[in-house]
Number of protein chains: 2
Amino acid sequence: MPAARQIFVAVIGAGGVGKAFLSQLSQLTKRLSSEPSTPINLALIYVARSSKVFFNEDYSPISISSWESDLASSTRTVPSPTQIADYLSKAPASVILVDNTSNEDVANAYPLFLGKKISVVTPNKKGFSSNLKLWQDIFKAASNGTGSGGYVFHESTVGAGLPVLSTLKDLIETGDEIVKIEGVFSGTMSFLFNSFMPVGGGGGSFSAEVTKAKELGYTEPDPRDDLNGLDVARKLTILARISGLEIESPASFPVQSLIPNELESCKSGDEFMKRLPEFDGEMDKLKQEAAKEGKVVRFVGSIDVAEKDVKVGLEKFDASHPIAALKGSDNIISFYTKRYGSNPLIIQGAGAGGDATAMGVTADLIKVLRLLL
Amino acid sequence: MPAARQIFVAVIGAGGVGKAFLSQLSQLTKRLSSEPSTPINLALIYVARSSKVFFNEDYSPISISSWESDLASSTRTVPSPTQIADYLSKAPASVILVDNTSNEDVANAYPLFLGKKISVVTPNKKGFSSNLKLWQDIFKAASNGTGSGGYVFHESTVGAGLPVLSTLKDLIETGDEIVKIEGVFSGTMSFLFNSFMPVGGGGGSFSAEVTKAKELGYTEPDPRDDLNGLDVARKLTILARISGLEIESPASFPVQSLIPNELESCKSGDEFMKRLPEFDGEMDKLKQEAAKEGKVVRFVGSIDVAEKDVKVGLEKFDASHPIAALKGSDNIISFYTKRYGSNPLIIQGAGAGGDATAMGVTADLIKVLRLLL
């Protein structure tokens, strides 16, 4: 067996996605170390969550079975992104940084990491959906952009582990023309509207469905963070930019918020939830209007590439439309292209959850490994 | 700008898929030669179809705009796969062989090509769905198998350009457990049954729908080549092998042929088409039985991984099932996995046609380029 090639992995963020990723990393490490042709020695050298960090000055590996206790008992001060970049750039092997946070400061440092030949894989939308300059700086630095630094992949920023970004890139790179992208991009919104207005009738009041979704853990702790549409707007920003549109920010196109104007000033999520039933009449009216046309209401995002028209909000769909037939909290993404004609290329399935999100991150990590070898 | 890296491309097969591929290759060549970070000089050095071949002894490139006339006027003798491998292995740059045929002899030579460090990308199912030994020899030789030869990719062998194999591999490599794969894997069968028994009723007799599909160019010249189910059986063999099942050949599991026993002996496709209406009664009976249960009949393939149960044939589906709702000649592939739970990861869209098939081939070529650089 040939000598194993050493690759270092640094992980920031050890919540739901981070834990699922570290579990997948553990499995992957075992498998790769026994590859007959090119064994790879994947070593975890840095692990951090918001207030804790664990690493060794001499880059000696952290045990992947005891990182949780190592992290819990660590008394190290959490370094700044600049300090992390400095530490990782001096490592005696190639480093892949896995950012499992949704932190803006870490995302702002991607160009710095990439410039220092540190590769980045992440489900963090902030780096790719904030101001356009950050997006440009990232791909100017990255080797899979126009630079010569590390590699960057972010499949899980849209649709979690579903192969959304890789498929869009394949379509473009093989010379297809993207006409329109349309879909349900939020597991929360999917669950909410599939329950509020199922095909065939039924469903409770809007506020009751939001309450149910919150109780089942389908919403953020404060449901306004889902209902404002910003999460979907960030995903649309990413897809539109890959499609060639220079979207300045998620605030550059119309995004319908489901937070009633009158409740914008609520001081807490609890106050908001208490007052939401006052607006059930408005949502019921929308539901009845759609039902009269034999349609259902769904919260969707769409990009018309030629018209440079990006939007997020409520739309009506025929009961037979794939978007109407969606189940549970699934996402659906339809690519209408010149090559695929009137029937789009459709990708559908769970677009959230720790394991599914971590899957996209791990698959990206494997892509970087192949490129580094 | 750094010096361009030279990569050679050899193309066998210049029919519908081959022509669409060469057109995509032409576009790609232009784009890659102007990449700011790593310009790639992709050069076509070999082009062949069944009875014609064109190449230069000194490996000087073939013009991508005039390959058709160069090929037409060539008087060279078509070399054997061994001779092709010998010629390509001595080229002064890395070579990617693109096999756009459905030829068995070429497929049998993949281990030879790969062993000589020639990479292979292909929509040709023969290499991956014939006897198990050939499959094993291919991946023993390939660098993305357990060997150290060329790279091999064959996305378009299932679902044309749809990201079916890459998604299945991502699921497995990131540690998910495949429970079941189910879908409509043939554009012809999809069109035929979506017309014969649309959701909501209607549709002509089975023989009339086969005649219509043939006239519209949706079937092979002899429709028996679709109706025997072998094309679907080959695709299932590939998916099952990637999922870890050691399927000896497409004849190792039950495949329902839609060619009535009594017509097995027909000497020509024409004779078969003439006699097919005699069996419309049987197909109508199936249709009515399904309708009574509120279901439709579809021609599907499925793999139950734990039970090692692979099968191809007619099955009944509720009108609300995604397989029933399929349109036109689209394919649909559902991955039921441990991670995705009860709602599968679904990929849907055109699974045939020159452009869509060539897309998978070109995307594979780009993957090999990234690995070679």
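Note that this is a predicted model, so its numbers are computed, not measured.

A. Quick look at the pattern of salt bridges. One pass over the full model with this rule turns up 26 salt bridges over all chains. Notably, a salt bridge pairs Glu57(A) with Arg76(A), separated by 3.2 Å at the nearest N-O pair. Here Glu57(A) is found in the loop between β3 (52-55) and α2 (67-73), whereas its partner Arg76(A) is found in the loop between α2 and α3 (81-89), with 19 residues between them in sequence. You can call Arg76(A) partly exposed: its relative accessible area is 30%. Notably, a salt bridge pairs Lys133(B) with Asp137(B), separated by 2.7 Å at the nearest N-O pair. Placement of both Lys133(B) and Asp137(B) in helix α7 (residues 132-141) is noted, with a separation of 4 residues, approximately one turn of the helix. For Lys133(B), a relative accessible area of 52% corresponds to the exposed category.

B. Structural context of the UniProt feature "binding site: L-homoserine" (unreviewed entry) in chain A. Residue and element names in this part refer to chain A. Following the UniProt record, one finds the feature "binding site: L-homoserine" (unreviewed entry) at Glu220. One can find Glu220 in the loop between α10 (206-215) and α11 (224-227). Apart from residues lying up to four places away in sequence, Glu220 is in contact with Asp225 and Asp226.

C. Examining the domain arrangement of chain A more closely. Residue and element names in this part refer to chain A. Split into domains, chain A comes out as domain 1 (5-160 + 355-372) and domain 2 (164-351). Taken over C-alpha atoms, the centre of domain 1 sits 30 Å from the centre of domain 2. Of the residues lining the interface, 16 residues belong to domain 1; the matching set on domain 2 comes to 20 residues. Summing both sides of the interface, domain 1 and domain 2 together bury roughly 1,600 Å²; the carbon and sulfur share of this comes to 60%. The largest contributions to the domain 1 side of the interface with domain 2 come from Ser129, Leu132 and Val158, which together make up 35% of the buried area. The tally of links between domain 1 and domain 2 comes to 1 salt bridge.

D. Main features of the interface of chain A and chain B. The interface is formed by 40 residues belonging to chain A together with 40 residues belonging to chain B. The junction of chain A with chain B conceals about 3,300 Å² of combined surface from both sides, 55% of it contributed by carbon and sulfur atoms. Of all residues in chain A, Glu173(A), Tyr340(A) and Met359(A) give up the largest surface area on contact with chain B, accounting jointly for 18% of the area buried on that side. Our count for the chain A to chain B interface comes out at 2 salt bridges. One salt bridge in this structure joins Glu173(B) and Arg370(A), with 2.7 Å as the shortest N-O distance.

E. Structural context of the relation of the copies chain A and chain B. Taken as rigid bodies, chain A and chain B are interconverted by a rotation of 180° and an axial shift of 0.0 Å, the fit giving an RMSD of 0.0 Å. With respect to symmetry, the two chain copies, as superposed, fit the operation of a two-fold axis. Closest approach to the rotation axis among the C-alpha atoms of chain A is made by Ile347(A), whose C-alpha sits 2.4 Å away. Looking at the interface residues of chain A, 100% of them are also at the interface in chain B, so both copies use one shared face.

F. Fine view of the packing of aromatic side chains. Evaluated as defined, the whole model comprises 24 aromatic pairs over all chains. Between Tyr59(A) and Tyr87(A), the ring centres sit 4.6 Å apart and the planes meet at 15°, which makes this aromatic pair stacked. Of this pair, Tyr59(A) sits in the loop between β3 and α2 while Tyr87(A) sits in helix α3; the two residues are 28 residues apart in sequence, bridging distant segments of the chain. Tyr59(A) sits in the buried class, given a relative accessible area of 13%. In this structure Tyr87(A) comes out as buried when scored by relative accessible area, which is 9%. Arranged with centres 6.0 Å apart and planes meeting at 90°, the rings of Phe193(B) and Phe196(B) form a pair that is edge-to-face. Of this pair, Phe193(B) and Phe196(B) both sit in helix α9 (residues 187-196), separated by 3 residues, roughly a single helical turn. When sorted by exposure, Phe193(B) lands in the same class as Phe196(B), which is buried. Following the ring pairs from residue to residue traces out a cluster consisting of Tyr46(A), Phe55(A), Tyr59(A) and Tyr87(A).

G. Quick look at the environment of Ala14(A). Residues and elements named next belong to chain A. For Ala14, the location among the structural elements is in the loop between β1 (5-12) and α1 (16-33). Taking relative accessible area as the criterion, Ala14 reaches 10% and is therefore assigned buried. Ala14 has contacts with Lys19, Ala48, Arg49 and Trp67, leaving out every residue within four places of it along the chain.

Reading guide: rules and limits
- Residues numbered from 1 in each chain as written.
- Chains lettered and ligands numbered in written order.
- Predicted model: local features only at pLDDT ≥ 70, side-chain atom pairs only at ≥ 80, totals over all residues.
- Heavy atoms only, no water.
- Salt bridge = Lys/Arg side-chain N within 4 Å of Asp/Glu carboxyl O.
- Helix = DSSP H or I, 4+ residues; strand = E, 2+ residues; numbered from the N terminus.
- Buried < 20%, exposed > 50% of the residue type's maximum accessible area, 1.4 Å probe, protein only.
- UniProt positions renumbered as here; feature names shortened; annotations may be inferred.
- Contact = heavy atoms within 4.5 Å.
- Domains from an automatic or database assignment.
- Buried area = accessible area lost by both parts, 1.4 Å probe.
- Least-squares fit on C-alpha atoms with pLDDT ≥ 70 in both.
- Phe/Tyr/Trp six-rings, centres within 6.5 Å; stacked < 30°, edge-to-face > 60°.

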